[in-house]
Amino acid sequence: MTNKYAFVVGIDSQWITEANNYFANGNDKLYFSTNAGFRNLLFQRIYFKINGKNYASYNAEFIEITRTNPFEFRLPSSASETRKYYYGFTNFRKINEPIPLTKFIRHPSGKQLR
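Structural notes, computed from the coordinates.

Cut-off values and rules
Residues numbered from 1 in each chain as written. Predicted model: local features only at pLDDT ≥ 70, side-chain atom pairs only at ≥ 80, totals over all residues. Heavy atoms only, no water. Pairing = 2+ DSSP bridges. Helix = DSSP H or I, 4+ residues; strand = E, 2+ residues; numbered from the N terminus. Salt bridge = Lys/Arg side-chain N within 4 Å of Asp/Glu carboxyl O. Buried < 20%, exposed > 50% of the residue type's maximum accessible area, 1.4 Å probe, protein only. Axes fitted to C-alpha atoms, helices over the stretch in contact; angles between N-to-C directions. Contact = heavy atoms within 4.5 Å. Core = buried A, V, L, I, M, F, W, Y, C linked by side-chain atoms within 4.5 Å.

**Section: the pairing of strand 4 (residues 55-66)**
Step number 1: Sheet topology places strand 3 (residues 43-50) next to strand 4; four bridges connect them, and they run antiparallel. Along strand 4, the bridge assignment pairs Phe48 with Tyr58.
Step number 2: Hairpin connection of strand 3 to strand 4: four residues between the antiparallel strands, including Gly52 at a positive phi of 90°.
Step number 3: Summarising the sheet, strand 4 and strand 5 (residues 85-100) pair through nine bridges and their orientation is antiparallel. Along strand 5, the bridge assignment pairs Tyr55 with Pro100.

**Description of the pattern of salt bridges**
Step number 1: In this structure the tally under the stated criterion is one salt bridge.
Step number 2: A salt bridge links Glu81 to Arg83; the shortest N-O distance between them is 3.6 Å.
Step number 3: For Glu81, a relative accessible area of 32% gives the class partly exposed.

**Things to note about the sheet that holds strand 4**
Step number 1: Here five strands make up an open sheet; going across it, the order is 1-3-4-5-2 and the pairing mixed. The strands lining the two open edges of the sheet, one partner per strand, are strand 1 (5-11) and strand 2 (30-34). Averaged over all adjacent pairs, the angle separating strand axes in this sheet is 40°, with direction ignored.

**Some words on the side chain of Ser33**
Step number 1: Counting through the fold element by element, Ser33 comes out in strand 2.
Step number 2: With residues up to four places along the chain from it excluded, the contact list for Ser33 reads Arg74, Arg83, Tyr85, Tyr86 and Tyr87.

**What to know about the nonpolar core**
Step number 1: By size, the foremost hydrophobic cluster in this structure holds 21 residues, and its most contacted members are Leu30, Phe32, Ile46, Phe48, Tyr87, Phe89 and Phe92.
Step number 2: Secondary structure elements with two or more residues in this core: strand 1, helix 1 (13-24), strand 2, strand 3, strand 4 and strand 5.
Step number 3: With near-sequence residues (within four places) excluded, Ile46 lies in contact with Phe7, Val9, Tyr58, Asn59, Ala60, Phe62, Tyr87, Gly88 and Phe89.

Encoded structure:
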């Protein structure tokens, strides 16, 4: 059996609005940037939690993590920002029933998020 992994991203609501607009304009993939470290896991999904909330309210299909800035697939307002990693996603959408962070388990500790 292969483990299926996802990661949860804390994000300002401004970036949720901009991502919604980006995909509504016909774009099919988007990359956000981070300096956070990543384990080499088989990610399948990304869950987005608006900062200050204790639940994930959006999700997307994971594409890849890269160290090269894919500026052509970034939001115009942040395309020139450089970070350690860039994570790509597609099929960004609002979750019908937000998922409490306590439903997510940290790898490898097995502890719940809070």
